[in-house]
Each structure stands twice: as C-alpha cells, then as structure tokens.
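# Survey of secondary and tertiary structure
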Amino acid sequence: MMCCFLLCFFLGMEKVVVCPYKRPNALYRLICFPWAGGGTSQLAQWGRLFSSSVEVSTVRLPGRESRRKEPFAKDMATVVNEITSVLLKELQEKPFAFFGHSFGSYVSFAVALHLKEKYGLEPFHLFLSGAHAPHSEAFLPIKTVSISDKKDEDVLKYIEILGGTPSELLQSEDIKDHLILTFREDLRVLQTFSFERAERNIPFSCDITCFNGSEDKSHDVEAWHDLTSGDISFYELPGGHFYLLEPSNEIFLTKHITKCIENAGL
C-alpha cells in the first residue's frame, strides 16, 4: 500500500513539477511559474545557473508538453489545489521562494495565499515579474476582456506583439493553434481569480521583489506594498514584456535572486 502511495506521489511530482537539475542537498527551493501559454522549457533551465544551495523547479500546468492530452484547468482554484497537493510535502521540508512571470506571478501569488491561509506556510521571498498587484484597479481590465470574442488571428497578433515565442515555432500550424488555445485557456483561468484585501489584513510577511521590462507597459507594482509587512524592492530591466529571456537579463535575475535567497539568513 505504501509503495503504491509513493509511486503515485512521485508520478504526480514528475507530471506537475519539472526539475532537470536535482539538488537533494540544496538548502532552499525556488519554484518557478511560467507565463500564459508557456511551458517549462525556459525557466526549468535556470537550475544550471544557480549555486548548489538552490534547487530550481518549474510548475507544469495541464494541456501542454507531456500533459497536452489532459483537459485544461477549469479555474484558478483547480490550478492552486493541484500544485499545492503535489508540492506541500516538499515545501514543508525546507525554505522556499516563488518566481512568477506575468500570468505565472498571479498563479504563484494564489498558491502562496492558499499555503498561508490553509497550512500556515509562506514563501520567504516572492519574486514577481511583469504583473500588477492583484487587488489594484490596473488588474481589472484583465478580468473583463472577453477572450472568447477574439478571433484566433487577433490572439496570435497579441502573442507576437508580446514576444517570447520563437517565430520558427509559429510556422507550424499545429504548434500555433495549440499556443493560441493554451493562451485563451490560461487567460480564462486568470479571470476566475479574485482577490480583495480585507481592511487592515496584510496577508504576507515575506520580502517581495518586482521586476519589469523598461519597454513593457507599466504595471501597478506599488500596490504590492499593501500585501506584505516585509521589504519590497523594484527593478526595471531593458526590454519588453519578455525581457527575462534576454541572456544579460537572465544572468542579472538569477544572480540577484541567488543573492536574495542566500542572504535571507534562514
């Protein structure tokens, strides 16, 4: 019976969490959350850039990569519950931090909130990229845009404007169609997420670092001050929405995150 449980646990881990550079003796864990329509390929490779003290994993949502044949998540609660159920044991073992970009920032925040409210667990640092604070007025337009009314070519044009997808991939009709579908489904999940900060209730005590591309649209990052009693810092790096894919920015991010993690004094 125990063998079956362990097998199911490890299969669940492999399905939902990608960790190509395993470091069982690492002191800290960094869990990464990809952007809308994205998979694990880019952020999972960050593991090679960190020191041996940090093990890097990336969350894989249903409907993509090895989970392509699975139905997409119905809502944010489904996403949060799956990620939490798979990661909970590991997150109880050693200190952990989250990194999310764009859609991934909101997923990481929702998971962190659920961990804090239900289990009393909290990341010691939230690294958030290309995202508004979820209770700010700037986030509301994302909630109200009708993605179902948008034609595929309009969605594709928006994806191309954002960048982050190699043009050669978009030459494949199958890849292009699936990317459009995945982007639609991720936005639909995001629109089911609702967070309202209760008066005088500060949900987190961890430090928060916000990153943004200098040529990206501005994000309401100041409102993150409302959500933690910890320190908050802001960094603007050269580039657009997918500034983090530029090698020089990737080096800055991984070095800065490493410094924050190792200087946390845990």
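As annotated in an unreviewed UniProt entry, the protein chain is S-acyl fatty acid synthase thioesterase, medium chain from Dromas ardeola. You can read under Sequence similarities (unreviewed entry) in the UniProt record for the protein chain the words "Belongs to the thioesterase family." Taken verbatim from the UniProt record of the protein chain, the Catalytic activity (unreviewed entry) comment is "(9Z)-octadecenoyl-[ACP] + H2O = (9Z)-octadecenoate + holo-[ACP] + H(+)".

## Quick notes on the pattern of salt bridges
Side chains that carry opposite charge are capable of pairing whenever their charged atoms lie near each other. Across all of its chains, the model carries 14 salt bridges by this definition. R29 is the partner of E55 in a salt bridge, and the nearest nitrogen-oxygen pair spans 3.5 Å. Separated by 26 residues along the polypeptide, E55 in strand β3 (residues 54-59) and R29 in strand β2 (residues 28-33) bring together distant segments of the chain. Residue E55 is classed as buried on the basis of its relative accessible area, which comes to 8%.

## Digging into empty space enclosed by the protein
Here the structure, examined in full by the defined rule, presents two cavities of 30 Å³ or more. Computed from the structure, the largest cavity encloses a volume of approximately 60 Å³. What lines the largest cavity is F33, P34, W35, G38, G39, T40, V59, R60, L61, R64, F103 and V107. Taken together, the residues of the lining of the largest cavity break down into seven nonpolar, three polar and two charged. Size it by volume and the second largest cavity reaches roughly 40 Å³.

## A look at the nonpolar core
Where a protein is soluble and globular, its nonpolar side chains tend to be buried together. Membership of the largest hydrophobic core comes to 79 residues, with the highest contact counts inside it found for L30, I83, F98, F99 and W224. Here the element with the most residues in this core is helix α4 (residues 103-119); it accounts for nine residues. Residues within four places of L30 in sequence aside, it is in contact with F50, V54, E55, V56, S57, A97, F98, F99, F127, I257 and I261.

Thresholds, definitions, all that
Residues numbered from 1 in each chain as written. Predicted model: local features only at pLDDT ≥ 70, side-chain atom pairs only at ≥ 80, totals over all residues. Heavy atoms only, no water. UniProt positions renumbered as here; feature names shortened; annotations may be inferred. Salt bridge = Lys/Arg side-chain N within 4 Å of Asp/Glu carboxyl O. Helix = DSSP H or I, 4+ residues; strand = E, 2+ residues; numbered from the N terminus. Buried < 20%, exposed > 50% of the residue type's maximum accessible area, 1.4 Å probe, protein only. 1 Å grid on protein atoms, 1.4 Å probe; cavity = no way out; pocket = protein on both sides within 12 Å on 5 of 7 lines; lining within 4 Å. Points joined across faces, edges and corners; volume = space filled by probe spheres on them. Nonpolar A, V, L, I, M, F, W, Y, C, P; charged D, E, K, R; others polar. Core = buried A, V, L, I, M, F, W, Y, C linked by side-chain atoms within 4.5 Å. Contact = heavy atoms within 4.5 Å.

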